[in-house]
Amino acid sequence: MTMPSFDLTAHTDAPLEDVWKLLHDPTRFPEWWAGVETVQAEQQGDYTMWPTGFPDFPMAQRLRTDHADGRVMISCLVSDLEFRWQLHADGDATDIEVHVDLPESEAHRLETQRTLLTESINRLAELARRPHSARR
Amino acid sequence: LFGRATELAALSTAWRAAADGAGQVVVLTGEAGIGKTSLLAELAHRVGGAGGRTAIGAGIDVGGETPFAAWLELARSLVGTVPPAPAHGSWPVELSRLSPELGARLGRHGPPTAVAAPELERLRVFESVLRLVEWSCADRPALIALDDAHRADRASLRLTAHIGRRLAALPLLLVLTRRDRPSQPDLDMLLADLTRRAIPVTEVEIGPITDDSVAALASSVSTLDDAAVRRVIEAADGNPLLAVESTRALAAGHTAPPPNLRTAVRAALGVLPANGHLLARLLAVAGRPLTSTEIDRLGITDGTDAATEGGLLIRRDGRLGYRHALLREAVYADLADTTALHDRVANALDPGDRAEIARHLTLAGRPVDAARQWAAAAAYARSVGALTEAAEFLGRATQCTPDDGSLWLALQEVRAWLGQQAQMEAAWQRATALLPEAELAAAWCRRGHQFRTVVCDPAASLAAYRGAEKLLTEQSTSDVRATVLIGLAWGEAVAGDAAAAEGLLAEAGDLLPARPDPETAADIAGIRIQGLIRQGRFAECADVARAADVARLPDRAFAVWINTACALACAGDHEAALAMADEAVAATESVPVLLVGCLAARAHLLARLGRHDEAAETVRRQRDCADRLDAPGLAATAAHDAGLVALAAGRHREAADLLGQALAGGAHVSRPAAALSRAEALARCGDLDAATAQLRAAAMEPVGRADQPWALVPRMAGIQGLIAAGRGDHDLAMARYDEAASGWRRMLAAVSEVTADGYLANLVDLGRPPVVGLVEPARELTRIERDRAAAR
């Protein structure tokens, strides 16, 4: 049985480094990740996300980058959702890909996640394009 | 020696050059029986006559070699002739790792200090033998030779390579003899490596000797008429061994030379008295020459003289063996039932030759005794860092007694050190299925310790100790109970509830003697320090460190002093941190592999204090030490540390070069952080295109929690600011600097928490003193503001 999953892509005129910084700074996730309202850094390098509208529903996450072309893995330790972000430099622009795996038990959330991630990847691309928007 | 004038001239030339200080390697290659050993013996005779020191060891392929066996023989030879060892050096004691008698013969009794990690043991063996070799040619030039290098054990070949790489500046000639076939990949690699490193290597092919030389050789063995000499020439085909055997056969009355060696040795054996015949068979089974003591243990009173007079056996350096390995092989091939012979040899061998004894016991059909010896051989191999051999020996032990759970437990530990996860788990499953219930708690403790050390998985370690805790019974000893508590304390200190560690250690203390053994006491101190760091109670570490008695435990001293140095650096007390680093350097002087890390910490602290010249001198020493250890990863790491010291001192080009070496060489450091440091160095020396490319490479590096990603993001923004400023894009530079400053300000609020966490992650994941990994947001912010002001 194959795991429910989907892939999305986006392109941004921003250099790869600017997308990379947004992906590696969980405290900035609420600025672009649809459905994420608050993020708090935790011990051991993990962090906790609170989904929009669910202030009492903390979801522990783990972020790491593996050896395959700087692929950024974000795993939700509560729901077993896994987001694999991959960046490809296109000169001074960047192609962004995200692959999302859901466990069977979360299959019913596939379309919701697709909608949220479609919005998120586009917001990420847009935010990265604006270095002057860096939070002060 | 007949017909070897050309080869001797080549050897003499090499010796003269080596004796003048241009150390080099000569390889004598030729077929079996062609005269390599005789040529080597002649060279040694001449070198000895000219006042040089000589030591010859031989590779022995008996199917169960003790690691470093060939170098053990060489070391035994050298310690017998070198001048008294210097009083201040620790290497004579370290030599006792190979065999206790080595240190004792140099006037240093007692065991070397313990080190827990096999890789450290191996490096210490390498270093101590290298020191012995250097010492052996300090007062006169030396010839060191490894005869039959194609038979040498793997560990000895690795050590030969280690020494070979360092001989160019020594008055030392290293000679290896080898058969021309079959190929021997380990030996080929060794020689290729030396050549690649520009070590002079001369290959001397030993070919057939001329007919005239064969005739002269035959005449030296016996008086034959011309016709018989012609038959010898025809049979020998230029091979001196065959020439001698043919001559002996004809001299003994045979009408023609023997068609092969097997026939020749049958003839030679046939004329021996019963005892001589038995001795010859036992020596064939032994596979190597035996010492007088071993011969005595065989219990054969007569027969030696007859066997040596017949030319089959020979005494060399106090040992009795076959005149040539081919003769031994020919005798062995003719033996019908060797079981009883192996049994007798097993009982006669030096008790230290455990692997050999185990092999003979296996062939003698005594599996239980054999398993015990294989296990002992594995323990020795493990103690000198020869893990592959240890795994092999334990594998053979488990074949002998497959239901012994303790052997599987030992095997799984060695597999863990070898990084063989699947085999480790398989052995663990076998062990737990076979061990008696009363031993399971201790087994789980051992597994927990493994995850504390080699595998480095705090969560798995904690789980293992919790497993052990569940298996405790009323019969469990205080020792096991204390071990469980200490293991749990470590897991909590580094990955769980750090505050809970103290309580667990206090409980363990109630079970331990008032003065626990030094290893346990040091372990407790180390855990306490880690727990304090994790809680951000940095300054308190100093008292724990000072109270710890780690003088005789360099690896523990390393952890205690360096971790405390890091903690004090976290607390901002760099002077006190430097004092701790100095303690660490003093405690690890005798263990270079630990010393390099201590020097790294010292260098970074000096750089942090602005004492750049001293920092540069310290990293220079660190790099020398790392190069000597022959571990590319350590050398690359030292280049990294030197790069950061150069960056701190404003030597940007040098920093970029060194950090480039470190990244290319696989330094065991945070790669994204190192890549960013290099990008910064490049940006600061104006190489903006290279800096941009390096920044992109940094983004492609894997990032884990030890890399402290929260620190990477503002650092990258700051470097983007430098690049933008360098390109004259003022607005973009300001935006980048603002972005970086914003990131560092966010960190300031939680500085002790993130620093402590990052520190521990560095320690656990990178396993090196992480002074370099400490990030100081306030300082970073100041730097960004300085760069911002400069760009205005």
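Quick caveat: nothing in here was measured; it's all calculated off a predicted structure.

A short note on the overall build of chain B
Phase 1: Each helix and strand in chain B was counted, giving 40 helices and eight strands.
Phase 2: With the principal axes as the frame, chain B shows a C-alpha extent of 105 × 70 × 45 Å.
Phase 3: Counting over 792 residues, chain B shows a buried share of 56%.
Phase 4: If you take every contact in chain B between residues at least 6 apart in sequence, the share linking residues at least 24 apart comes to 66%.
Phase 5: Per element, the accessible surface of chain B, about 31000 Å² overall, is 52% carbon and sulfur.

Structural notes on the overall build of chain A
Phase 1: Check the secondary structure of chain A and you find three helices and seven strands.
Phase 2: Helices and strands in chain A line up, N terminus first, as β-α-α-β-β-β-β-β-β-α.
Phase 3: Looking at the 136 residues of chain A, the share that counts as buried comes to 51%.
Phase 4: Of the contacts formed within chain A by residues at least 6 apart in sequence, a portion of 49% connects residues at least 24 apart.
Phase 5: About 6400 Å² of surface is accessible on chain A, with carbon and sulfur atoms providing 51% of the total.

Some words on the sheet that holds strand β8 (residues 319-322) of chain B
The strands making up a sheet associate through hydrogen bonds between their backbones, and the pairing can be parallel or antiparallel.
Residue and element names in this part refer to chain B.
Phase 1: Pairing in this open sheet of three strands is antiparallel, and the strands run β6-β8-β7 from one edge to the other. Of all the strands in the sheet, the pair left with one neighbour each is β6 (290-291) and β7 (313-316).
Phase 2: Alignment of β7 against β8, held across four bridges, turns out to be antiparallel. Bridge assignment links arginine 316 to a residue of β8, and that residue is arginine 319.

Some remarks on the state of the cysteines
Phase 1: Here the structure, examined in full by the defined rule, presents zero disulfides over all chains.
Phase 2: Between Cys625(B), a free cysteine, and Cys598(B), which holds the nearest cysteine sulfur, the sulfur-to-sulfur gap is 9.9 Å.

A word on the packing of helix α1 (residues 16-23) of chain A against helix α3 (residues 110-128) of chain A
All names here are of chain A.
Phase 1: α3 packs onto α1 with a crossing angle of 125 degrees between their chain directions and a minimal axis gap of 9 Å. On the basis of the axis angle, α1 is oblique to α3. With respect to the hand of their crossing, α1 and α3 are arranged in right-handed fashion. Mapping the contact onto sequence places Asp18, Val19, Leu22 and Leu23 in α1 and Leu124, Leu127 and Ala128 in α3.
Phase 2: Of the residues belonging to the contact of α1 with α3, the class tally is six nonpolar, no polar and one charged.

Examining the nonpolar core
Phase 1: Core analysis: the largest hydrophobic core is formed by 126 residues, its most contacted members being Trp32(A), Trp33(A), Trp85(A) and Leu117(A).
Phase 2: Residues Leu190(B), Leu278(B), Leu313(B) and Ala386(B) belong to the second largest nonpolar core, which totals 111 residues.

Some remarks on the pattern of salt bridges
Residue and element names in this part refer to chain B.
Phase 1: One pass over the full model with this rule turns up 64 salt bridges over all chains.
Phase 2: Arginine 628 serves as the salt-bridge partner of glutamate 127, at 2.8 Å between the closest nitrogen and oxygen. Here glutamate 127 is found in helix α6 (residues 118-136), whereas its partner arginine 628 is found in helix α32 (residues 612-629), with 501 residues between them in sequence.
Phase 3: Under the relative-accessibility criterion, glutamate 127 is labelled buried at 7%.
Phase 4: When salt bridges that share partners are traced, they join Glu680, Arg684, Arg715, Glu780, Arg783 and Asp787 into one network.

With respect to the pairing of β8(B)
For a regular strand, side-chain orientation follows a simple rule: the groups alternate between the two sheet faces.
Residues and elements named next belong to chain B.
Phase 1: Taken together, the two bridges between β6 and β8 define a ladder with antiparallel strand orientation. If you follow leucine 290 over to β8, its bridge partner there is leucine 320.
Phase 2: Hairpin remark: β7 followed by β8, antiparallel, with two residues in the connecting loop; positive phi at aspartate 317, about 50 degrees.

A look at the sheet that holds strand β2 (residues 53-58) of chain B
Residue and element names in this part refer to chain B.
Phase 1: Ordered by their spatial adjacency, five strands build an open sheet running β2-β3-β4-β1-β5, and the pairing between neighbours is parallel. Only two strands of the sheet have a single neighbouring strand rather than two, namely β2 and β5 (201-205). Neighbour-to-neighbour, the strand axes of the sheet open up by a mean angle of 15 degrees, direction not taken into account.
Phase 2: Pairing between strand β1 (residues 24-30) and strand β4 (residues 172-179): seven bridges, direction parallel. Bridge assignment links glycine 30 to a residue of β4, and that residue is arginine 179.

Side note on the confidence of the model for chain B
All names here are of chain B.
Phase 1: Mean pLDDT for chain B: 89, with 96% of residues reaching 70 or above.
Phase 2: Confidence over residues 762-770 falls short of pLDDT 50; this stretch has 34 contacts with residues more than four positions distant or in other chains.
Phase 3: Both confidence scores are given for the complex: pTM 0.75, ipTM 0.80.

Some remarks on helix α10 (residues 226-236) of chain B
All names here are of chain B.
Phase 1: Among the residues making up α10, those that are buried are Ala228, Val229, Val232, Ile233 and Ala236. Each buried residue of α10 sits inside an arc of 145 degrees when the element is viewed along its axis, so together they form one side. In α10, the exposed positions angled more than 90 degrees off the buried face are occupied by Arg230 and Glu234.
Phase 2: Buried residues belonging to α10 abut α9 (211-221) and α11 (240-251).

Examining unusual backbone geometry
Residues and elements named next belong to chain B.
Phase 1: The phi dihedral of phenylalanine 68 is positive, around 70 degrees, even though this residue is not glycine.
Phase 2: One can find phenylalanine 68 in the loop between β2 and α3 (69-79).
Phase 3: If you check the backbone angles, aspartate 148 has positive phi at about 50 degrees while not being a glycine.
Phase 4: Within the secondary structure, aspartate 148 sits in the loop between β3 (142-147) and α7 (154-164).

Criteria and cut-off values
- Residues numbered from 1 in each chain as written.
- Chains lettered and ligands numbered in written order.
- Predicted model: local features only at pLDDT ≥ 70, side-chain atom pairs only at ≥ 80, totals over all residues.
- Heavy atoms only, no water.
- Helix = DSSP H or I, 4+ residues; strand = E, 2+ residues; numbered from the N terminus.
- Buried < 20%, exposed > 50% of the residue type's maximum accessible area, 1.4 Å probe, protein only.
- Contact = heavy atoms within 4.5 Å.
- Areas by Shrake-Rupley, 256 points an atom, 1.4 Å probe, with all protein chains shown as cover.
- Pairing = 2+ DSSP bridges.
- Disulfide = S-S within 2.5 Å.
- Axes fitted to C-alpha atoms, helices over the stretch in contact; angles between N-to-C directions.
- Parallel < 35°, antiparallel > 145°, perpendicular 65-115°, else oblique.
- Left-handed = near helix turned anticlockwise from the far one by under 90°.
- Nonpolar A, V, L, I, M, F, W, Y, C, P; charged D, E, K, R; others polar.
- Core = buried A, V, L, I, M, F, W, Y, C linked by side-chain atoms within 4.5 Å.
- Salt bridge = Lys/Arg side-chain N within 4 Å of Asp/Glu carboxyl O.
- pLDDT = per-residue confidence, 0-100.
- Arc of directions from axis to C-beta.

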